[in-house]
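# Architecture at a glance
Listed here are the chains, written in short residue letters.
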Amino acid sequence: MRYVEVDGLRSSVIGLGTWQFGSREWGYGEAYATEIAPALVRRALELGITMLDTAEVYGPGRSERIVGAALAEVPPAARDGLVTATKFLPIAPTEAILARQAAGSRRRLGVDALDLYYAHWPNPLVSVRRTMQALRPLVAEGVVRRVGIRGVGPVPAVCAGAAELDHRVAPGVVREDADGDAAAGGGGDDEVGGVGLEP
């Protein structure tokens, strides 16, 4: 497995997306949620996958609970290298609402802090800058380690959002090191990375 590192966050280049975990509308059934989905998490970890991506809306909330239950079975030493990423619905991204949403996700996932917490999509009525401002208290409190917005696209919007969190943004260039692992470069203490959700 290859890995990338951005801003101190090391992750496998392939993550496990869990959108279908607990989603009854896809017809997977109870056995999928209780047997197959946890087995998929275990197998992903065996293969060296360290990023588990979910969202509060998947299931709704059930995907986070399934991932959390699977994580509870992982030995503490092995959990240290895992990246727990979840997305929030940015319907009204204010400080109080995001604090409640993040607390719910942390509870369902069984973690003290979310490694990556990002908006499921940009809210066209709320600027990226304002969304990042609303996330700032969660980062300051330590209950969220890194933030983002899925599907923003233009780098200036991402840079403006990162600036709200006092991050200096440098372009992240992924390269392979001598061991074949990937590492991000770009010359900055804080860098912006991307999570590709589809191939």
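Note that the structure is predicted; figures quoted are calculated from it, not measured.

## A word on the packing of helix α2 (residues 62-72) against helix α4 (residues 95-109)
Where α2 contacts α4, the axes come no closer than 7 Å and their chain directions differ by 45°. Considering their axes alone, α2 and α4 lie oblique with respect to each other. Facing Glu64, Arg65, Val67, Gly68 and Leu71 of α2, the residues of α4 in contact are Ser105, Arg108 and Leu109. Grouping the constituent residues of the contact of α2 with α4 by class yields 3 nonpolar, 2 polar and 3 charged.

## Notes on the pattern of salt bridges
Applying the stated rule across the entire model yields 6 salt bridges. The salt bridge involving Lys87 is made with Asp53; its shortest N-O contact spans 2.5 Å. Of this pair, Lys87 sits in strand β5 (residues 83-88) while Asp53 sits in strand β4 (residues 51-55), placing them 34 residues apart in sequence. Summarising the burial analysis for this pair, Lys87 and Asp53 share the class buried. Here Asp115 makes a salt bridge to Arg145, at a shortest N to O gap of 2.6 Å. Of the two residues, Asp115 is situated in strand β6 (residues 114-119) and Arg145 in strand β7 (residues 144-149); the sequence distance between them amounts to 30 residues. Looking at Asp115, the relative accessible area reads 9%, which means it is buried. Residue class for Arg145 comes out partly exposed when judged on its relative accessible area of 45%.

## Brief notes about the sheet that holds β4
A sheet is described by the order of its strands in space; here 5 strands give the open sequence β3-β4-β5-β6-β7, paired in parallel fashion. Each having just a single partner strand, β3 (15-17) and β7 make up the two edges of the open sheet. The mean angle between the axes of side-by-side strands here comes to 25°, regardless of whether they run parallel or antiparallel. Judged from the 4 bridges that link them, β5 and β6 form a sheet pairing that is parallel. The residue bridging Lys87 from the neighbouring strand is Tyr118, located in β6. Packing against the sheet, helix α5 (residues 128-141) makes contact with β5, β6 and β7, and its axis sits at approximately 170° to β7.

## Thoughts on the nonpolar core
Among the nonpolar cores identified, the biggest contains 32 residues, and Leu16, Phe21, Leu114, Tyr117, Leu135, Leu138 and Val144 are the most heavily contacted of them. Once residues within four sequence positions are removed from consideration, Tyr117 is found in contact with Thr86, Phe88, Leu98, Gln101, Ala102, Ser105, Leu135, Leu138, Val144, Arg146, Val147 and Gly148. In this structure, Leu9, Met51, Ala85 and Tyr118 belong to the second largest nonpolar core, which totals 6 residues.

## A short note on the pairing of strand β1 (residues 3-6)
Note that β1 and strand β2 (residues 9-12) share 4 bridges and pair antiparallel. Bridge assignment links Tyr3 to a residue of β2, and that residue is Ser12. Between β1 and β2, which pair antiparallel and follow one another directly, the connecting turn spans 2 residues, one of which, Asp7, has a positive phi of 55°.

## Thoughts on the packing of aromatic side chains
In total, this model carries 1 aromatic pair according to the counting rule given. With a centroid separation of 4.8 Å and an interplanar angle of 40°, the aromatic rings of Phe88 and Tyr117 are classed as tilted. Of the two residues, Phe88 sits in strand β5 while Tyr117 sits in strand β6, which places them 29 residues apart along the sequence. Owing to a relative accessible area of 0%, Phe88 belongs among the buried residues under this scheme. Relative accessible area serves as the criterion here: at 0%, Tyr117 is assigned to the buried category. It is Arg10 that lies over the ring of Tyr3; its NZ or CZ is 4.3 Å from the centre.

Rules used in this analysis
Residues numbered from 1 in each chain as written. Predicted model: local features only at pLDDT ≥ 70, side-chain atom pairs only at ≥ 80, totals over all residues. Heavy atoms only, no water. Axes fitted to C-alpha atoms, helices over the stretch in contact; angles between N-to-C directions. Helix = DSSP H or I, 4+ residues; strand = E, 2+ residues; numbered from the N terminus. Parallel < 35°, antiparallel > 145°, perpendicular 65-115°, else oblique. Contact = heavy atoms within 4.5 Å. Nonpolar A, V, L, I, M, F, W, Y, C, P; charged D, E, K, R; others polar. Salt bridge = Lys/Arg side-chain N within 4 Å of Asp/Glu carboxyl O. Buried < 20%, exposed > 50% of the residue type's maximum accessible area, 1.4 Å probe, protein only. Pairing = 2+ DSSP bridges. Core = buried A, V, L, I, M, F, W, Y, C linked by side-chain atoms within 4.5 Å. Phe/Tyr/Trp six-rings, centres within 6.5 Å; stacked < 30°, edge-to-face > 60°. Lys NZ or Arg CZ within 6 Å of the ring centre and 35° of its normal.

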